[in-house]
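# Structural overview
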Amino acid sequence: MPGSRGARPLAFVVQKHRAGHLHYDFRLEHEGVMLSWAVPKGPAPDPSVKRLAMQTEPHPLDYNLFEGVIPEGEYGGGTVMIWDRGTWKPESDDVDRALARGDLKFRLHGKKLHGSWVLVRTRDRTWLLIKHRDEFASTEDLTVTKPLSVVSRRTLAGIARAAGASARQLEQAAGADPPRPARGAATAAEPAPSRLARAARPR
Ligand code: MN
């Protein structure tokens with residue numbers, strides 16, 4: 001129906017980005033752009049954990065597909081991984097009002113992130129990203145247990161290497177991968193399941 005809204009699912013993406021410092025760019029599609037927050041420690045599915053999320057400039061939708069290396073000297077220079085992606089749904093009635101109020105509730109349907117979350121503004125561009133209590137809440141540290149790209153299954157170092165990153169960028173990317181060998185690496189044994197991981201997770 002012309003003019004009807006909400007028919008097409010809204011995109012969300014989380015890009016792990018080793019620039020000057022490691023952070024996870026958390027982006028939600030809204031009115032033709034990706035609203036963006038830089039989350040230094042990455043999203044945590046534990047409702048008792050509040051993750052700092054610094055609001056940044058909205059990004060174009062095209063950028064959701066970017067995984068690779070931004071050259072040194074350019075803004076955001078460093079390696080970028082598509083760490084998670086999927087669709088999101090506001091749980092607040094009016095997204096613009098929720099943003100203005102600094103309290104946006106939403107559901108994520110990603111490969112790593114699921115269920116109900118909230119972004120709460122504390123001041124200016126400073127927000128907190130918090131998981132709501134639901135069946136997807138968990139104490140699992142997804143940045144450690146699920147470190148690979150959801151589109152290419154590569155590590156950050158693998159992405160940097162394939163893109164011909166500088167030696168310094170490659171070293172920084174490798175330093176931002178968890179210490180344990182990643183699943184799928186040629187020499188890696190199958191990692192033990194996390195003690196904190198749920199035995200059976202709903203899809
Ligand atoms: Mn970034």
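Parameters at a glance
- Residues numbered from 1 in each chain as written.
- Predicted model: local features only at pLDDT ≥ 70, side-chain atom pairs only at ≥ 80, totals over all residues.
- Heavy atoms only, no water.
- Phe/Tyr/Trp six-rings, centres within 6.5 Å; stacked < 30°, edge-to-face > 60°.
- Helix = DSSP H or I, 4+ residues; strand = E, 2+ residues; numbered from the N terminus.
- Buried < 20%, exposed > 50% of the residue type's maximum accessible area, 1.4 Å probe, protein only.
- Salt bridge = Lys/Arg side-chain N within 4 Å of Asp/Glu carboxyl O.
- Core = buried A, V, L, I, M, F, W, Y, C linked by side-chain atoms within 4.5 Å.
- Contact = heavy atoms within 4.5 Å.
- pLDDT = per-residue confidence, 0-100.
- Pairing = 2+ DSSP bridges.

### Concerning the packing of aromatic side chains
Within a pair of aromatic rings, the relevant descriptors are the distance that separates the centres and the angle that separates the planes. Taken as a whole and assessed by the stated rule, the structure comprises six aromatic pairs. An angle of 80° between the planes, with centres 5.5 Å apart, marks the rings of Tyr24 and Trp83 as edge-to-face. Of the two residues, Tyr24 is situated in strand S2 (residues 22-30) and Trp83 in strand S6 (residues 78-90); the sequence distance between them amounts to 59 residues. Of the two residues, Tyr24 and Trp83, both sit in the buried class. Ring centres 6.1 Å apart and planes at 90° place the aromatic pair Trp88 and Phe106 in the edge-to-face group. A residue pair is termed long-range when its members are at least 10 positions apart, and Trp88 in strand S6 and Phe106 in strand S7 (residues 103-110) qualify at 18 residues. Phe106 carries the same exposure label as Trp88, and that label is buried.

### With respect to unusual backbone geometry
The phi torsion at Glu31 lies on the positive side, around 50°, for a residue other than glycine. Relative to the assigned elements, Glu31 resides in the loop between S2 and strand S3 (33-39).

### What to know about the pattern of salt bridges
Under the definition given, this model contains eight salt bridges. Its salt-bridge partner being Arg8, residue Glu29 comes within 2.4 Å of it at the nearest N-O pair. With Glu29 in strand S2 and Arg8 in the segment before strand S1 (10-18), this pair connects stretches of sequence that are 21 residues apart. Here Glu72 and Arg168 are joined by a salt bridge, their closest N and O atoms 2.8 Å apart. With Glu72 in the loop between strand S5 (68-70) and S6 and Arg168 in helix H4 (residues 167-176), this pair connects stretches of sequence that are 96 residues apart. The class for Arg168 is partly exposed, based on a relative accessible area of 48%.

### Comments concerning the nonpolar core
If you look at the biggest cluster of nonpolar residues, it comprises 31 residues, and the most contacted ones within it are Phe26, Leu28, Trp37, Phe106, Leu108, Leu113 and Leu119. Other than its neighbours up to four places away in sequence, Leu108 contacts Phe12, Phe26, Leu28, Thr87, Trp88, Leu113, His114, Gly115 and Trp117.

### Section: the confidence of the model for the chain
In this model, the chain carries an average pLDDT of 89, and 85% of its residues clear a pLDDT of 70 or more. Contacts of residues 187-203 to residues separated by more than four positions or lying in other chains number 21 contacts, the stretch itself having pLDDT below 50.

### Notes on the environment of Leu61
Positionally, Leu61 belongs in the loop between strand S4 (50-59) and S5. A relative accessible area of 33% means that Leu61 is categorised as partly exposed. Between the C-alpha atom of Leu61 and that of Ala11, which follows or precedes it by 50 residues, the distance is 8.6 Å.

### Quick word on the pairing of S1
Where burial is concerned, most of S1 is hidden: seven out of the nine residues are buried. Examined bridge by bridge, S1 and S2 share seven bridges and lie antiparallel to one another. Residue pairing across strands places Lys16 opposite Tyr24, the latter belonging to S2. Between S1 and S2, which pair antiparallel and follow one another directly, the connecting turn spans three residues.

### Examining the pairing of S2
Of all nine residues that make up S2, eight are buried, and the element is covered over most of its length. As defined by bridge partners, S2 adjoins S3 across seven bridges and the pair is classed as antiparallel. What sits directly across from Leu28, in S3, is Leu35.

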